[in-house]
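Geometric and topological summary
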Amino acid sequence: MAFHTPVVSFVGYSGSGKTTFIEKLIPELKRKNLRIAVIKHDAHEFDIDREGKDTWKFAQAGADIISISSRTKMALIEKTPVELTLAEIMLNVRDVDLIIAEGYRAGGAPKIGVYREASGHELSVPVQELEALVCDRKITDEIPCFGLDDVSGMADFLVEHFVRRIPFGIPLGEALKKLEDIPVELTYEEVGIDKSRGRVLAETVIAKEMIPPFSRSPLDGYAFRASDTENASRKAPVTLQITEEIPAGTYPQKEVLPGTAAKILTGAPIPKGADAVTRYEDTEFDSDTVTLFQCYKPHSNIVDAGEDIALGTEVVTEGTVITPSIAGLLASLGVARPRVVRKPVISIVNTGDELLDVNMPLEPAKIRNSSHYTLGGYMEETGVTVLDGGIARDTAQEIARSIRTALAFSDMVVTTGGVSVGDYDLVKDALKLLGAETLFWKIAIKPGGAVVAAVLDKKLILGLSGNPASALVTLQLLGIPFIHRLMGRSECGLRKVQVAMCRNYMKPSPTGRYIRGRLTIEEGKACFEPIESQENGSISSMKGCNLIAEIKPGTLTIEKNQMIDAYWLYS
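Residues numbered from 1 in each chain as written. Predicted model: local features only at pLDDT ≥ 70, side-chain atom pairs only at ≥ 80, totals over all residues. Heavy atoms only, no water.

In the nomenclature of an unreviewed UniProt entry, the chain is known as Molybdopterin molybdenumtransferase of Parasporobacterium paucivorans DSM 15970. The UniProt entry for the chain carries the following text under Catalytic activity (unreviewed entry): "adenylyl-molybdopterin + molybdate = Mo-molybdopterin + AMP + H(+)". Word for word, the UniProt comment on the chain under Function (unreviewed entry) is "Catalyzes the insertion of molybdate into adenylated molybdopterin with the concomitant release of AMP." (UniProt positions renumbered as here; feature names shortened; annotations may be inferred.)

Rendered as structure tokens:
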């Protein structure tokens, strides 16, 4: 159900603490200069009028609606034949920034659960129906959880996701669209052809020369006039006088006249007068003459000037990545310094008190920072420059400082860790300190759903999970397409391929998932072999991984040899 005014319902059984929490929450929201409305659901009868007062007398006399107002407030009391829905009640609420409802589990509004262990009750609605949870004991990692006294955190959450409407848990396609909408300003430079591999062309290359630039011979043999062989045969051969020898790189000095031929080598220009070439093997010759034993048609064994590339041909288009074959093509056209897009610079800021640099000795409760080298390597292989933004400790202030410093030297910043719903997941707080515009928090994929995207100074900040495998999936599916845009590529994103599942996959996927694996060739067909460990935190699962397969929502099993979609990784 769509509501014109942002609304959220706090739901929970009696005694869970809904009213107490809302009472403490309202002042926190007011400090943010918000106008707040509260709608309370009462399962029993209620009466806010007082016997003997004028409004009470009007109601007793039979009035259906009674309103009372003063200089500072007004009230409206209406008799209803049936209980009104939340949406119907909201029609009477205007000019507020947020409506908080207490109750209304079936009202269609986004719901926040309230749970207190001492109440003796469980959650009043399933976790899957909740946007967040207020509780005294964390009971799920699937949604944000706030303590019973964390009204500040809840106020920030409500502002971000309901008042400012920061998208939460959106589909991958919607997240990609939001990144596509970020303007990208490209700058350009010229580089030597020997340094151009992997760079992206900044302009379309039009052939100003022909390839080949002259008509040439594709083989070693003799050039002659086809008309001289009109009646030639094995029984009636034709003998021609050799006038010169033309090796490759030498321009012919003599015209081929009737009754003459020129000895010619592969790649040499066709001499004037000649319109056919034959192989050495098909002739008999000495130093002065060559004998032909068959009739040749004009243009036999001649490669015309411009046969490969004609003058004015659009050879390579803007946005093309320069591969070795493209570099060779440009060189053949004399493009010694192609104009290319400047290489984007991307900084990686890793977050977490638990992280150590690779050069540090291992300490208790610490792990080495591997994500920088894994993610940085994948990004470098796309053709960007990757900088080390260092390790930021678990405070919003330090993370914000690290991001700000990295932005000054980069076109984009990628962070790892601190984007989920735990007490030390502080990247979102750091973005708030920086004044960044948050585009979305979390996307609806598994693994890799923990991600935040924001823009500051017209640059993207992409916060990835601290789990290596999750970060890999999100980088490839969401980050790489945007990086391709920063590079100026005309084709962005991973290549999608169809592969056959190499064995039965028996894990049900009601919401869909992406699994890591490798390409194998079995009986002449491309197959997908899943990697054994699909754990989010598994570093070893990325070894040999060059495909990510998409398991569609609602899939129960995948049979061996069943065709599935997969994405080819840059690895």
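To continue, consider the packing of helix H8 (residues 396-408) against helix H9 (residues 427-434). Here H8 crosses H9 at 65 degrees, and the two axes come no closer than 8 Å. Crossing of H8 against H9: the hand is right-handed. Across the interface between the two elements, Ala396, Gln397, Ile399, Ala400, Ile403 and Arg404 from H8 touch Val427, Asp429, Ala430, Leu431, Leu433 and Leu434 from H9. (Axes fitted to C-alpha atoms, helices over the stretch in contact; angles between N-to-C directions. Helix = DSSP H or I, 4+ residues; strand = E, 2+ residues; numbered from the N terminus. Left-handed = near helix turned anticlockwise from the far one by under 90°. Contact = heavy atoms within 4.5 Å.)

Here the focus is the pattern of salt bridges. Throughout the structure, instances matching the rule amount to 20 salt bridges. Across the pair lysine 432 and aspartate 156 runs a salt bridge whose closest N-O atoms are separated by 3.5 Å. Of this pair, lysine 432 sits in helix H9 while aspartate 156 sits in helix H4 (residues 151-163); the two residues are 276 residues apart in sequence, bridging distant segments of the chain. (Salt bridge = Lys/Arg side-chain N within 4 Å of Asp/Glu carboxyl O.)

The next point concerns the environment of glutamate 185. Residue placement: glutamate 185 occurs in the loop between helix H5 (172-180) and strand S10 (188-190). Among the residues examined, glutamate 185 registers a relative accessible area of 70% and is labelled exposed. Remark: the alpha-carbon pair of glutamate 185 and glutamate 142, spanning 43 residues in sequence, is separated by 37 Å. (Buried < 20%, exposed > 50% of the residue type's maximum accessible area, 1.4 Å probe, protein only.)

On to the sheet that holds strand S25 (residues 437-443). Hydrogen bonds between backbone atoms are what pair the strands of a sheet, whose relative direction is either parallel or antiparallel. Pairing in this open sheet of 7 strands is mixed, and the strands run S9-S25-S26-S27-S24-S20-S23 from one edge to the other. Two strands bound the open sheet, and with one partner strand each, they are strand S9 (168-170) and strand S23 (385-392). In this sheet, neighbouring strand axes are inclined to one another by 25 degrees on average, regardless of whether the strands run parallel or antiparallel. This element, H9, spans strand S20 (345-351), strand S24 (412-416), S25, strand S26 (452-456) and strand S27 (459-464) of the sheet and lies at about 15 degrees to S26. (Pairing = 2+ DSSP bridges.)

Strand direction decides the pairing type here: strand S28 (residues 495-501) and strand S32 (residues 563-568), joined by 6 bridges, are antiparallel. Directly across from lysine 496, in S32, lies its bridge partner tyrosine 567. In the sheet, strand S31 (residues 547-551) pairs with S32 via 3 bridges, with the strands oriented antiparallel. Pairing of isoleucine 548 across the sheet is with tyrosine 567, part of S32.

Examined at the domain level, the chain breaks down into domain 1 (7-163), domain 2 (193-210 + 312-337), domain 3 (216-292), domain 4 (345-487) and domain 5 (496-568). The gap between the C-alpha centroids of domain 1 and domain 4 is 37 Å. Taken together, the contacts link 9 residues of domain 1 with 5 residues of domain 4. Across the domain 1/domain 4 interface, buried area totals approximately 540 Å², and carbon plus sulfur atoms make up 52% of it. Our enumeration of links across domain 1 and domain 4 arrives at 2 salt bridges. With a closest N to O distance of 3.2 Å, glutamate 160 and lysine 432 form a salt bridge. The interface formed by domain 1 and domain 4 holds 1 residue pair in polar contact (both at pLDDT 80 or more) in total. Of the residues contributing to the side of domain 1 that touches domain 4, the split by class is 3 nonpolar, 1 polar and 5 charged. (Domains from an automatic or database assignment. Buried area = accessible area lost by both parts, 1.4 Å probe. Polar contact = N/O pair within 3.5 Å; in protein donor to acceptor, adjacent residues only side chain to side chain. Nonpolar A, V, L, I, M, F, W, Y, C, P; charged D, E, K, R; others polar.)

If you look at the biggest cluster of nonpolar residues, it comprises 46 residues, and the most contacted ones within it are Leu179, Met379, Met412, Phe440, Ile443, Leu478 and Ile483. The set of elements that each furnish at least two residues to this core consists of H5, S20, helix H7 (371-382), S24, S25, S26, S27 and helix H10 (468-487). Take this core: its biggest share by element is 11 residues, from H10. Residues from two domains meet in this core; each of domain 4 (345-487) and domain 5 (496-568) gives at least three. Contact partners of methionine 412, with chain neighbours within four places excluded, come to Val345, Ile346, Ser347, Leu460, Leu462, Phe482, Ile483 and Leu486. Met154, Ile403, Leu407 and Ile461 belong to the second largest nonpolar core, which has 43 residues in total. (Core = buried A, V, L, I, M, F, W, Y, C linked by side-chain atoms within 4.5 Å.)

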